[in-house]
Amino acid sequence: MQQYSSLPDQNSLIDATPKLLTTIEIEQLRAELRLESSLNQLQSRLDDCFPSACNTVPQTEAAQAEFFQTVVNEINIAVDSSNLALTECAVGIAMCQPQETVATVCYISRSPSPNSQPLFLEVLTAEKKLLLRLQEVIKLEDLQQLENQQLPSAWRLADDSGSVMGWLIIATAPLSSDRESLIESSDQLRSQLMARSARYCTKALLQLRHILSLQQQYQQLSNSNQELERTNQLKNQFLANTSHEIRTPLSSIIGFTYLLLAPGYEPTKERQQEYLNIIQSSGKHLQALINDILDLSKIEANHLEVTRETLDVQFVCDSVFALVKEKAADKDLKLRLKINPDITTLVADELRLKQMLWNLLWNALKFTREGSVGLEVVLEGVFVHFIVWDTGTGISQEDKTQLFQPYFQIDKADGVEGTGLGLALTQKLAQIHGGDVKVESEVDRGSRFTLILPLNQEAGVGGAEGAGGAEEAGEATFSSSPLPTPSSSREILLVENDLPNADLIQIYLSQLGYQVTWVEDAAQMWEALRQLDPAVILMDVCLADGNGLHLVQQIREHKQYQTIPVIVQTAMAMKGDRETCLEDGANDYISKPIDLPLLASLVAKYSQAPTLVDGEWELGSGE
């Protein structure tokens, strides 16, 4: 049986005799301990930067500045407190952008006084000395040389992809010392401190940027949510206001129509005329609201196009005054017009200019109980000022701040009606023309609205809506002029899906002497074309068994029907709808609700005998 001795072997005896450390070794050990303590302190301070950064968003640059300044200050303190330099020193960070060949010193741990010599800020290279001071520009090749020295003086701060974000730099001015071994050890420890600090700094910087990125995303989402909430509120306001504005005239239309149709109620001829005028006026109001909404939608979508042409200013102003003189007469108000004789012409869109002036004059008449309303046209430099003034109720300062907001309306206690879109639309139309609208007003002292437009603009800029632009915009004039009479009776083929519209058009055109054949769908149209030779086809776009524009294309594919003029009637009234109809082979376009006098004019125009020229039909001299 083998026995083991519990006594140690002589050769395995442990020398328990303590080994005394030299003074240099003790100082070096202390320096290493202080190094670790300094690195821990640096890490702690960098961690403290994160909560602060979260509170600085969206001030990203401020957060990064605080971070970098903390880095250089803490490293400088670590070097000083660890006696790692035995010298004066300074720590800095030079920032660089991708693809650049230089870096700029943006942060340093200390700044010398103006009178001191910045020798301790010198960075030694093989052939040159570089000052480490704020805004100093250092070539990347010099920084790379400092990085590759036996004892580096620069350390790059690179992200995970290797892209350099900046450089950590230390500059020292060695003091004379006879303890070369300690100096050499301190240099190595200092280099170790800087290298590890650079790693800490890089990691913390990437975390900081990630935090800032998340904070920015949060801020953007928060802003988007606020914008969505605001948009939702505007949508609700839009629906509420639109519902009110639609229901008010619609109530009159339905109510007075009910009276006219009520059994046993037989109003006098004068009463019937009064009711019909109210119904027509309410219909115009509804159409004006729809037109304003469409125009605003086009403007917001950058789809509203204007036709710039040279206009006679006197003619435009007289035309607008003719539209509002009845309103002024009803309220016993005087209309004043004064035009600077130096202003004869203006380059603008005639339809839109009339629309802007009408809106301003109509508003002035609405809010003026007594006195007068006027329009003065003056020249101010290269701009024409259309000044609409009144002696009305005026506008408070609070209301003026919201005056050009869509649907905003001043107190309607006096029964003043309106959509709340006129001024908003007028200002946007003016801005499209390169101008603006300004307002001056005092309560009970009247108001002055100034439409400012450039005197000259390049004609045709912004595209042209073409002939019939008013129809494309949904404008219906409902002219009260005598009904036009065609030169001879013609056969009209009406392709209409809606019975009331068909009855209206058929009755109206029949009164003008036309023979109107009405069909409801595509199948009936083809059957009618085999039996008739219509002078004009009125084509509805929405049919029960097909698209009216497709039918127009098919008509153009048949040689025997190619010369028949086709007028498209549709509720489409947005940008490009007219062009779409014409491209599909239609000769003209009219939007619903149908302006009957305009329809009569178009039918009279296209019911003339056409001739075929170079494969395309042209109207005869009767056009």
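Here goes a summary of the coordinates provided.

Definitions and cut-offs
Residues numbered from 1 in each chain as written. Predicted model: local features only at pLDDT ≥ 70, side-chain atom pairs only at ≥ 80, totals over all residues. Heavy atoms only, no water. Helix = DSSP H or I, 4+ residues; strand = E, 2+ residues; numbered from the N terminus. Buried < 20%, exposed > 50% of the residue type's maximum accessible area, 1.4 Å probe, protein only. Contact = heavy atoms within 4.5 Å. Areas by Shrake-Rupley, 256 points an atom, 1.4 Å probe, with all protein chains shown as cover. Axes fitted to C-alpha atoms, helices over the stretch in contact; angles between N-to-C directions. Left-handed = near helix turned anticlockwise from the far one by under 90°. Nonpolar A, V, L, I, M, F, W, Y, C, P; charged D, E, K, R; others polar. Parallel < 35°, antiparallel > 145°, perpendicular 65-115°, else oblique. Core = buried A, V, L, I, M, F, W, Y, C linked by side-chain atoms within 4.5 Å. Expected span 1.5 Å × (residues − 1). Pairing = 2+ DSSP bridges. Salt bridge = Lys/Arg side-chain N within 4 Å of Asp/Glu carboxyl O. Patch = residues over 30% accessible without salt bridge, like charges linked within 9 Å, V, L, I, M, F, W, Y side chains within 5 Å. Phe/Tyr/Trp six-rings, centres within 6.5 Å; stacked < 30°, edge-to-face > 60°. Polar contact = N/O pair within 3.5 Å; in protein donor to acceptor, adjacent residues only side chain to side chain. Arc of directions from axis to C-beta.

1. A look at the overall build of the chain
Phase 1: Within the chain, the secondary structure is distributed over 15 helices and 23 strands.
Phase 2: When burial is assessed residue by residue, the chain has 43% of its 623 residues classed as buried.
Phase 3: A sequence separation of at least 24 residues applies to 69% of the contacts in the chain between residues at least 6 apart.
Phase 4: Carbon together with sulfur atoms contributes 50% to the accessible area of the chain, which is approximately 34,300 Å² in total.

2. Thoughts on the packing of helix 7 (residues 350-366) against helix 9 (residues 422-432)
Phase 1: Put simply, helix 7 and helix 9 touch, their axes get as near as 9 Å, and they point 145 degrees apart. When you trace helix 7 past helix 9, the crossing you get is left-handed. Contacts from Arg-352, Gln-355, Met-356, Asn-359, Leu-360 and Asn-363 of helix 7 reach helix 9 at Gly-422, Leu-423, Leu-425, Thr-426, Leu-429 and Ala-430.
Phase 2: Considered class by class, the residues forming the contact of helix 7 with helix 9 number six nonpolar, five polar and one charged.

3. Quick notes on the packing of helix 12 (residues 522-529) against helix 13 (residues 548-557)
Phase 1: In contact at an axis separation of 12 Å, helix 12 and helix 13 are set at 25 degrees when each is read in the N-to-C sense. The orientation of helix 12 with respect to helix 13, classified from their angle, is roughly parallel. Here helix 12 and helix 13 pass one another in a crossing that is right-handed. Between helix 12, through Ala-522, Met-525 and Trp-526, and helix 13, the contact on the second element is made entirely by Leu-551, Gln-554 and Ile-555.
Phase 2: Per-class residue counts for the contact of helix 12 with helix 13 are five nonpolar, one polar and no charged.

4. Remarks on the nonpolar core
Phase 1: Of all hydrophobic cores here, the largest spans 46 residues; its most connected members are Leu-346, Leu-353, Leu-375, Val-377, Phe-386 and Leu-451.
Phase 2: When residues of this core are traced back to their parent elements, those giving at least two are helix 5 (269-300), helix 6 (313-330), strand 10 (345-348), helix 7, strand 11 (372-380), strand 12 (383-390), helix 9 and strand 14 (447-454).

5. What about helix 5?
Phase 1: Helix length check: helix 5 (32 residues) gives 46 Å between terminal C-alpha atoms against 46 Å at 1.5 Å per residue, within 8%.
Phase 2: Looking one or two residues past helix 5, Asn-302 carries a phi angle of roughly 55 degrees, positive in sign.

6. What about the sheet that holds strand 21 (residues 588-591)?
Phase 1: Spatially, five strands are ordered 16-15-17-20-21 in an open sheet, and the strand pairing comes out parallel. The open sheet has two free edges, formed respectively by strand 16 (515-519) and strand 21, since each of these has just one partner strand. When strand polarity is set aside, the average angle formed by the axes of neighbouring strands in this sheet is 20 degrees.
Phase 2: Against the sheet, helix 11 (residues 499-511) makes contact with strand 15 (491-495), strand 16, strand 17 (536-540) and strand 20 (566-570), and its axis sits at roughly 170 degrees relative to strand 16, the strand it touches most.
Phase 3: Against the sheet, helix 13 engages strand 17 and strand 20, with an angle of about 150 degrees to strand 17.

7. Section: the pattern of salt bridges
Phase 1: Overall, the coordinates contain eight salt bridges when judged by the stated rule.
Phase 2: For Arg-156, the salt bridge identified is with Glu-147, shortest N-O distance 2.9 Å.
Phase 3: Between Glu-442 and Arg-445 there is a salt bridge, and its shortest N-O distance comes to 3.8 Å.
Phase 4: What makes Glu-442 partly exposed here is its relative accessible area of 48%.
Phase 5: The exposure class of Arg-445 is exposed, given its relative accessible area of 63%.

8. Quick word on the sheet that holds strand 9 (residues 334-339)
Phase 1: Taken together, the five strands give an open sheet; going across it, the order is 9-11-12-14-13, and neighbouring strands pair in mixed fashion. Lying at the two open borders of the sheet, with one neighbouring strand each, are strand 9 and strand 13 (436-441). With direction set aside, neighbouring strand axes in the sheet form an average angle of 15 degrees.
Phase 2: As paired strands, strand 12 and strand 14 are joined by eight bridges and run antiparallel to one another. Across the sheet, the residue bridging to Val-384 is Leu-453, located in strand 14.
Phase 3: Sheet contacts for helix 6: strand 9, strand 11 and strand 12; angle to strand 9, the most-contacted strand, approximately 175 degrees.

9. A few points about a nonpolar patch on the surface
Phase 1: Taken together, the side chains of Ile-246, Leu-250 and Ile-254 make up a nonpolar region of the molecular surface, amounting to roughly 240 Å² of accessible area.
Phase 2: Looking at where Ile-254 falls in the secondary structure, it is placed in helix 4 (residues 180-261).

10. A word on the packing of aromatic side chains
Phase 1: Summed over all chains, the structure comprises three aromatic pairs.
Phase 2: Seen from their ring centres, Trp-358 and Trp-362 are 4.9 Å apart, and the 15 degrees between their planes marks the pair as stacked. One end of the pair is Trp-358 and the other is Trp-362, both in helix 7 and four residues apart, which spans about a single turn.
Phase 3: Residue class for Trp-358 comes out partly exposed when judged on its relative accessible area of 29%.
Phase 4: Ring geometry for Trp-526 against Tyr-561: centres 6.2 Å apart, planes inclined by 40 degrees, an arrangement best described as tilted. With Trp-526 in helix 12 and Tyr-561 in the loop between helix 13 and strand 20, this pair connects stretches of sequence that are 35 residues apart.

11. Structural notes on the environment of Ala-430
Phase 1: Following the sequence through the fold, Ala-430 ends up in helix 9.
Phase 2: Every residue in contact with Ala-430, bar those within four places of it in the chain, is listed here: Met-356, Gly-435, Asp-436, Val-437, Leu-451 and Leu-453.

12. A look at the side chain of Gln-569
Phase 1: Here Gln-569 lies in strand 20.
Phase 2: Of the polar contacts made by the side chain of Gln-569, one reaches the side chain of Glu-496; its length is 3.4 Å.
Phase 3: In contact with Gln-569, other than residues within four places in its own chain, are Leu-494, Val-495, Glu-496, Ile-505, Leu-538, Met-539, Asp-540, Val-541, Ile-590, Lys-592 and Ile-594.

13. Considering helix 12
Phase 1: For helix 12, the complete set of buried residues consists of Ala-522, Met-525, Trp-526, Ala-528 and Leu-529. With its buried residues spanning 160 degrees around the axis, helix 12 presents them on a single face.
Phase 2: Those residues of helix 12 that are buried lie in contact with strand 15, strand 16, strand 17, strand 18 (542-543) and helix 13.
Phase 3: The residue sitting at the N-terminus of helix 12 and contributing the capping side-chain oxygen is Asp-521; that oxygen lies 3.4 Å from the backbone nitrogen of Ala-523.

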